[in-house]
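One-letter residues, chain by chain:
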Amino acid sequence: MPHYFTRAEAEALLPAISVELDKIQVHYRQAQGLEKDLEEMQVKSMGNGHHLQGKILHVQESLLEHVQALQQAMEELQRLGCELKDPEIGLIDFLSLRNGEEVYLCWHLGEEHIDYWHTLEAGFAGRQPFEDE
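What follows is about the packing of aromatic side chains. What the rule picks out here adds up to one aromatic pair. Its end group placed over the ring of F130, R7 keeps NZ or CZ at 4.0 Å from the ring centre.

Here it is as structure tokens:
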């Protein structure tokens, strides 16, 4: 049976979630940069670039470290019960009930509180502000 968060429960987790999201964003950006570097080096190595093999191996090892760190941070978010929707903006959803219907409480890094919700199908574009309840 799924856990349904209240706004108060979800907001109580925001400090811990913010720490994990900061880690995710750092490792995500690093991994993207390393992937780009790796692609460029692999293209160069197809020609007369056998001398790049050591650099390629080093970049692959660094990339693996960032991917593993990403996995650990994402597992921590799962343990907390929220869903990562977009690592670049730090978008998180919390399953909740609103008038008996399953919805997501929607929050991203930089917002002080959880002020929005959306239906399961609507996504970020369908965010609606909470009326004072």
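On we go.
This part takes up helix α1 (residues 7–46). Think of an α-helix as turning once every 3.6 residues; residues three or four places apart then point the same way. Between its terminal C-alpha atoms α1 stretches 54 Å, which fits the 58 Å expected from 40 residues at 1.5 Å a residue. Maximum bend of α1: about 45°, positioned at L14, with proline P15 one to four residues after it.

Where strand β3 (residues 101–108) meets strand β4 (residues 116–119), four bridges bridge the pair, whose relative direction is antiparallel. Directly across from V103, in β4, lies its bridge partner T119.

Moving on, we come to the sheet that holds strand β1 (residues 83–86). In sheet architecture, strand pairing relies on hydrogen bonds along the backbone and comes in two forms, parallel and antiparallel. Taking strand neighbours across the sheet as the criterion, the five strands line up as β1-β2-β3-β4-β5 in an open arrangement whose pairing is antiparallel. The open sheet terminates on both sides in strands that have one partner only, identified here as β1 and β5 (128–129). With eight bridges joining them, strand β2 (residues 91–98) and β3 adopt antiparallel strand pairing. What sits directly across from L95, in β3, is Y104.

Calculation criteria
- All residue numbers refer to position in the chain's written sequence, counted from 1.
- Residue-level local features of this predicted model are given only where pLDDT is at least 70; pairs of side-chain atoms are given and counted only at 80 or more, and the full residue set underlies all totals for whole chains, interfaces and linings.
- The side-chain quantities take in all heavy atoms of the structure and omit both hydrogens and water.
- Only Phe, Tyr and Trp rings are paired, with Trp represented by its six-membered ring, and only when their centres lie within 6.5 Å; those with planes under 30 degrees apart are stacked, over 60 edge-to-face, the remainder tilted.
- By definition, being over a ring means that NZ of Lys or CZ of Arg is both within 6 Å of the ring centre and within 35 degrees of the ring normal.
- Strands are runs of DSSP state E lasting at least two residues, helices are runs of H or I lasting at least four, and both sets are numbered from the N terminus onward.
- Any helix carries an expected span of 1.5 Å times its number of residues minus one.
- The reported bend at a residue is simply the angle between two axes, fitted to the 7 residues ending at it and to the 7 residues beginning with it.
- Two strands pair under a simple rule: DSSP has to find at least two bridges between them.

These figures capture arrangement, not role.
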